[in-house]
Amino acid sequence: GAGVSQSPSNKVTEKGKDVELRCDPISGHTALYWYRQSLGQGLEFLIYFQGNSAPDKSGLPSDRFSAERTGGSVSTLTIQRTQQEDSAVYLCASSLGWGNTEAFFGQGTRLTVV
Amino acid sequence: AQSVTQPDIHITVSEGASLELRCNYSYGATPYLFWYVQSPGQGLQLLLKYFSGDTLVQGIKGFEAEFKRSQSSFNLRKPSVHWSDAAEYFCAVALTGGGNKLTFGTGTQLKVEL
């Protein structure tokens, strides 16, 4: 596609449920990043994938959060046993490589935990 | 750990007036520096970046930023603001060689009065 695509655009879930957020990066981009944007914490790095290397998970806030990237393309961010503090906009970005090339961001998934 | 400070949460300027958004960083070495803009309902868009070399960098939409090592600052400027510039602006840093693993400031919301 022309840009980074994220789905769903909005998700409302009940506390304690699991959710999956999807990111389709720009074709050919080998690096993929997840960020979280919330009122209390601002924009935070969560995790990145680069090619076949082990992902950098250093930003994941708890073990309830996990992500995978299948076939070097689509990525899924999973939040288990959601809590109200997980409510945020989850942003995905991709770039051509790990070097300091421009990262292109998707429009995000707004997650609301009720 | 590196940090980014954007001291102005909100700024209001008149259309046609000049603009300067402040950004200070804390890091042991010179990081890579970025400015992003986020319009309502939109993802983040890169305005400009500094890696090395000329300390005055030009970006899109008529924006520029100046890196001042002595002040650990990377302020964003525009000589004449347009109403369409109303948005939220984020300064971000990355470790040298740290790709797009970004640490963001808290953002500055720009309002443009007609």
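Above this text is the structure in question.
Residues numbered from 1 in each chain as written. Chains lettered and ligands numbered in written order. Predicted model: local features only at pLDDT ≥ 70, side-chain atom pairs only at ≥ 80, totals over all residues. Heavy atoms only, no water.

### Section: the interface of chain B and chain A
- Contact residues are listed per partner, giving 20 residues for chain B and 18 residues for chain A.
- Summing both partners gives a buried area of about 1,600 Å² for chain B against chain A, and 51% of it is carried by carbon and sulfur.
- Ranking the residues of chain B by area buried against chain A places Leu44(B), Asn100(B) and Lys101(B) at the top, with a combined share of 37%.
- Summed over the shared surface of chain B and chain A, the result is 1 salt bridge.
- For Lys101(B), the salt bridge is made with Asp56(A), and the minimal N-O distance between the two is 2.8 Å. (Contact = heavy atoms within 4.5 Å. Buried area = accessible area lost by both parts, 1.4 Å probe. Salt bridge = Lys/Arg side-chain N within 4 Å of Asp/Glu carboxyl O.)

### Considering the side chain of Ser95(A)
- One can find Ser95(A) in strand S8 (residues 88-95).
- The exposure class of Ser95(A) is buried, given its relative accessible area of 0%.
- Within polar-contact distance, the side chain of Ser95(A) engages the side chain of Tyr33(A) at 3.2 Å.
- Those residues within four positions of Ser95(A) in sequence are excluded, and the remaining contacts are His29(A), Thr30(A), Ala31(A), Tyr33(A), Thr101(A), Glu102(A), Ala103(A) and Asn100(B). (Helix = DSSP H or I, 4+ residues; strand = E, 2+ residues; numbered from the N terminus. Buried < 20%, exposed > 50% of the residue type's maximum accessible area, 1.4 Å probe, protein only. Polar contact = N/O pair within 3.5 Å; in protein donor to acceptor, adjacent residues only side chain to side chain.)

### A closer look at unusual backbone geometry
- In this model, Ser7(A) is joined to Pro8(A) through a cis peptide bond whose omega is -10°.
- In this structure, Arg81(A) is a non-glycine residue whose phi angle is positive, near 50°.
- With respect to the element layout, Arg81(A) can be found in the loop between strand S7 (75-79) and S8.
- The phi dihedral of Ser72(B) falls on the positive side, at around 45°, and the residue is not glycine.
- Topologically, Ser72(B) is positioned in the loop between strand S8 (64-68) and strand S9 (73-78).

### Some words on the nonpolar core
- In this structure, Leu19(B), Trp35(B), Leu47(B), Leu48(B), Phe74(B), Leu76(B) and Tyr89(B) are the most contacted members of the largest nonpolar core, which totals 26 residues.
- Not counting chain neighbours up to four residues away, the residues in contact with Phe74(B) comprise Cys23(B), Leu33(B), Phe34(B), Trp35(B), Leu48(B), Lys49(B), Tyr50(B), Val57(B), Ala65(B), Glu66(B) and Phe67(B).
- Within the second largest apolar cluster, 21 residues are counted, among which are Ala93(A), Ala103(A), Phe34(B) and Ala94(B). (Core = buried A, V, L, I, M, F, W, Y, C linked by side-chain atoms within 4.5 Å.)

Structural measurements only, silent on function.
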